[in-house]
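Analysis of the macromolecular model
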Amino acid sequence: MGYQPEQSVGMTTEGIALRSVGNTLVLHKTALIEAFNLKAATKYQLKICMSINYFHVRTQYCAKGNYDFGISQVIKSLEPYNKKLVTDTWYYAKRCFLSLLENMLKHMIMLRGCIVQECIQVLEHCEVCGKNVPAVTEQPLEEDRIHTGKSTVAYESRLLKALIYEIIAWNQ
Amino acid sequence: MEHVHLAAEDEDDLYSGYNDYNPTFDTEDLENDVGFQQAVKTSHGRRPPMTAKIPGTAVARPMGTAFGDGVARPMTAVLAAGYSSAVIRGSAFDPLGQSKGPAPPLEAKNEDTPEEKIKQLEKKVNQLIEDSCMAHSHGDLQLSLEKAKEAGRKERFLVRQREQTASADHINLDLTYSVLFNLANQYADNEMFAEALNTYQVIVKNKMFSNAGRLKVNMANIYFKQRNFPKAIKFYRMALDQISNAHRDMRIKIMQNIGVVFVKMGQYSDAITSFEHIMSESPNIKTGFNLILCYFAIGDRDKMKKAFQKLICVPLGIDEDDKYIPPNDDPQTNLVIEAIKNDQLRQMERERKALAEKYIMTSAKLIAPAIETSFAAGFDWCVEMVKTSMYVELANDLEINKAITYLRQKDFNQAVETLKMFEKKDSRVKSAAATNLSFLYFLEKEYGQADRYADLAMNADRYNPAALINKGNSVFVNGDYEKAGEFYKEALRNDSSCTEALYNLGLTYKKLKRLEEALDCFLKLHAILRNSAQVMFQLTSLYESLEDPNQAIEWLMQLISVAPTDPQALAKLGALYDNEGDKSQAFQYYYESFRYFPSNIEVIEWLGAYYIDTQFCEKAIQYFERAALIQPTQVKWQLMVASCYRRSGHYLSSNFTGNYQKALETYKDIHRKFPENVECLRFLVRLCTDMGLKEVQEYATKLKKVEKMKEIREQIGQQGSRIVYIDGQHSEGVYKNRDVLSTSRKKFPAILTAVAAFFVLVSNSECAKVVKRPPRIRPCLDLPEEILEQMFGRLSAGMFSAFHHTLQLAPLEKENLTCPTNGRPTSDKSRLPVNIHSISPWAYRISYDATRYPKYLPEAYCLCKGCLAGPFGEESLQFRSTPVYMPSVILRRTPSCGGGRYIYTENYISIAVGCTCVTGPEKERESNNSVLDTGELKRGIDKGDESQLKEN
């Protein structure tokens, strides 16, 4: 994994210190944080100013029972894929998914069926659009190189899709 | 920065900085440049930030005093604050914040605060839960339960801590939920159902947990495991009530479970309702299959058809195969496809597809015979259905299945016809069908046809290993092993995991006597098929041919550990041990073999022979009786039974008459069935003589007649054969001609060639020791001593000869001793042998009979009438000396002649071996105590027989 600047929530932007949503929240909130990171990253990609009021977002979605909706919204912020799906945004997107999967596994959240379907769709789109997008930035002095085909967003999104299928017991 | 640098303000030497050498440019001293070395090592490709200053010309110059924000400025300074020229430099344009220096180190965590402690504890609990799950996934259920329990303990401690620090409202509910849920799960997996149910109950009852309601599903699952079906259904329904419609997948899965429980309870209509609902809401393969099964169970034809149609319409939700075929133009896409063509998702998709195909095939096979009048029509309907669905490729497989069903019903013609239809289809199916056809013909031993279809299959698909094997097989049966080997090798080249080819190749090498190569093949095969009994069997037989019995036994042992109930293998192991001379091991394995397959004649024979060898004739009887049952036309077995009765009669005197009687009856029985059997007649004559029965005459006449007939026949057949067959050897010859074939019985696809055959040479020691009669030629000579000794030795089996031997060692000078009149000899007792020292003393004499073997026999005779039981050791007539007999066998010469030699028969006698003292004087008997005259057992010995035989 290459070095990625941590878009830690609450970082100083243009001299204004935003309040932190706090990384110490219980596990299910980490998913949200990842999602926010992602959203921020996508916005950054579009050269839109990063001054989102994270706090506002948090209060909006973090109420229990609604956060799956929040997460799906955030994931959808990858659209349009051809523009926003780049290595950096993918970095946040996959973290977001992994965190979500962990929560589902631990039965911390119960995702509604339609949300799961949406997630799968997002991953399918990523697979289609991400064939030529490297998943990690190649480090020039890295000794063992990964297979070029494997370090693509397409490959990793398939991996995530398989994980989701495993969790929802798709084959049983 | 240099531009704003004014010389006037500088009190320092203007040029001092230029002498200092910027280390960045010091290429000569790179090795000592820590920064550079670090950059190389860490492959950051850049110097650490410290050295990466903008390479100014005078960077290393000492800073001006007023540099910075002026804090260092002395209070008493004359200069006005903020007006130093240095200030301009200090607040210089610095957009990158480089002058700020590194960020202050993060504040160390204060570990002592209670909040921090609690957080640590939470972390630990989480870690324990994860450990527990990991242990579970590795299959270590015990450990995972331990971890789960420990997590539970820690969590309770945590809650107490929270309460103490009065932050009870911060209790981490999710953590509690995780701990309890994991614990319940681990209990359930360790089959501690009561504990698991309790724990689930705790979670479900707690209203604080959201979503806890669905854990009722888990409880229901436990009830299901306990086979408490009504309760399981109740809980599934409760769970269903608590799960909102938003979680449709979950609801569907629960309904599926309810359906399955109904099936288990045999309530098919309820199950059908459940399954039908699912199929209309969100169809899936499994439910579709279950639905078909339910309709099949209640026998509803139309519904079965409908359910099948539904099943094949279920969307699989997987990608098309062509997605994974590289388009060949774009290297990047090719690389991606290479990466994904066998990734996890692809494997899952394949699995799903295979599952779907399996369900469809199974249900088609199941319903085909039920939905139409005939199974063929049923299959046709299924094929039609499948052809219109997305599983087109299954249609051909179904057709082949139809053929196989024909085969199952032994309707070979139909099967062949069905398979022949494939001749026009595309090459892959054609090759498969032709392969099957070829094998069919091969099974029917129509090798010509088999060869033709093997060729066809090969032409249709040269890379079809099955076709190549079939071709090889048909060449093999024609005896062209070299060529067959070539075909097998080609099959192996096409598919290196083709075990059939490897196996057949091994067999071919075996046939070609290239044993080492064959061994190689089978060892390789063994590496692939670790537990194939067949391969081990081949290895055994190979090692046997290589004369390495130890290896053979080892492999056979392995084979038996895989197939412990294979009677052939057990018998084989017995035979191997027998060859090694380990009779008791051999017996053990033969006995095992007999237990699993009691009608193997070789095994029975061996066991019978073994018992006779070890002098347990009675036990041998049951085996020979069984053999007689299996082969009722073989007189041999029945003779054996009779012979066993006869023998056991002698050795166990308590059963004496009973068994003798039985022997007689058995012989009579045999005679009724095989009136021309000489041996039987001969024994009948002898038994009748021994028992003093009247039928003797009758049997003797018959015997003569039969013998005569035989003689005539033999004279016609082979003139002047002089060979004396001893019966046992003769029958052994017969076995050799019959070649005992031992085949492993398990099915091995595509292999029926070269059945391993080997001889089980059963040591056939027992048989009536009657010499056969070749044509009579005078004068009759006696048998050579060695042959007699051999015959006699086999009969007496050591016991009698030992006695004989002992007596020969004893001094014989005290012959013609008489009863001591002056009482028992008291002096030097120790030197006297026991026979003289006894109160019923006896002595030996040697009897001689030229027509008997052994010619010389020692016999005991009592010296006194009474016993030397008086107070001074004098003879007392209150007691009586009486001889002790031992049953024995001798060979007796008969007057008949065979091959110029006398014929000897076995003869059972009782020989006195000593005397003992019994109470009560003898009244009627006035004998001289000689054994030969005393009474009841006399007939065993002697002339009586002879004279009677002569009379005949």
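In short, a report on the structure. (Residues numbered from 1 in each chain as written. Chains lettered and ligands numbered in written order. Predicted model: local features only at pLDDT ≥ 70, side-chain atom pairs only at ≥ 80, totals over all residues. Heavy atoms only, no water.)

**Digging into the interface of chain B and chain A**
Of the residues lining the interface, 39 residues belong to chain B; the matching set on chain A comes to 35 residues. Here chain B packs against chain A, burying approximately 3,300 Å² in sum over the two surfaces, 57% of which is carbon and sulfur. When the area that chain B buries against chain A is broken down by residue, the three leading residues are Asp174(B), Leu345(B) and Met348(B), summing to 17%. Counting across the interface, chain B meets chain A through one salt bridge. Two residues, Asp343(B) and Arg158(A), come together in a salt bridge whose shortest N-O distance is 2.8 Å. Remark: the boundary between chain B and chain A carries three residue pairs in polar contact (both at pLDDT 80 or more). Counting only elements with at least two residues in the side of chain B that touches chain A, the list comes to helix H4 (114-137), helix H6 (173-189), helix H10 (248-265), helix H14 (331-340) and helix H15 (344-371) of chain B. Here the side of chain B that touches chain A gets eight residues from one element, more than from any other, and that element is H15(B). Residue composition of the side of chain B that touches chain A, by class: 14 nonpolar, 10 polar and 15 charged. (Contact = heavy atoms within 4.5 Å. Buried area = accessible area lost by both parts, 1.4 Å probe. Salt bridge = Lys/Arg side-chain N within 4 Å of Asp/Glu carboxyl O. Polar contact = N/O pair within 3.5 Å; in protein donor to acceptor, adjacent residues only side chain to side chain. Helix = DSSP H or I, 4+ residues; strand = E, 2+ residues; numbered from the N terminus. Nonpolar A, V, L, I, M, F, W, Y, C, P; charged D, E, K, R; others polar.)

**Considerations on the packing of helix H6 (residues 113-129) of chain A against helix H7 (residues 153-167) of chain A**
Residue and element names in this part refer to chain A. Axis separation between H6 and H7 bottoms out at 8 Å; the angle between their running directions is 160 degrees. Regarding the angle of H6 to H7, the classification is roughly antiparallel. In this structure, H6 crosses over H7, and the sense of that crossing is left-handed. Of the residues in H7, those touching H6 at Val116, Cys119, Ile120, Leu123, Glu124, Cys126 and Glu127 are Val153, Ala154, Ser157, Arg158, Leu160, Lys161, Ile164 and Tyr165. Residue composition of the contact of H6 with H7, grouped by class: 10 nonpolar, one polar and four charged. (Axes fitted to C-alpha atoms, helices over the stretch in contact; angles between N-to-C directions. Parallel < 35°, antiparallel > 145°, perpendicular 65-115°, else oblique. Left-handed = near helix turned anticlockwise from the far one by under 90°.)

**Re H6(B)**
Residues and elements named next belong to chain B. Over its 17 residues, H6 runs 24 Å from end to end, which matches the ideal 24 Å to within 8%, given 1.5 Å per residue. A large share of H6 lies buried, amounting to 14 of its 17 residues. Phi turns positive, to about 60 degrees, at Glu191, one or two residues after H6. (Expected span 1.5 Å × (residues − 1). Buried < 20%, exposed > 50% of the residue type's maximum accessible area, 1.4 Å probe, protein only.)

**Concerning the state of the cysteines**
Using the criterion set out here, one finds two disulfides over all chains in the structure. The disulfide bridge from Cys862(B) ends at Cys915(B), spanning 2.0 Å between sulfur atoms. Note on the Cys862(B) and Cys915(B) pair: the S-S dihedral is about -105 degrees, so by sign convention the disulfide is left-handed. Here Cys862(B), found in strand E3 (residues 856-862), pairs with Cys915(B), found in strand E5 (residues 901-919); they are 53 residues apart in sequence, far enough to count as distant. Note on accessibility: Cys862(B) and Cys915(B) belong to one class, buried. The disulfide partner of Cys867(B) is Cys917(B), and the gap between their sulfur atoms is 2.2 Å. Residues Cys867(B) and Cys917(B) are joined through a disulfide that is right-handed, its torsion about the S-S bond being 125 degrees. Placement of the pair is Cys867(B) in the loop between E3 and strand E4 (879-898) and Cys917(B) in strand E5, with a sequence separation of 50 residues. On the accessibility criterion, Cys867(B) (0% relative accessible area) is buried. Judged by its relative accessible area of 22%, Cys917(B) falls in the partly exposed class. Unpaired in this structure, Cys114(A) has its nearest cysteine sulfur neighbour in Cys119(A), at a distance of 9.9 Å. (Disulfide = S-S within 2.5 Å.)

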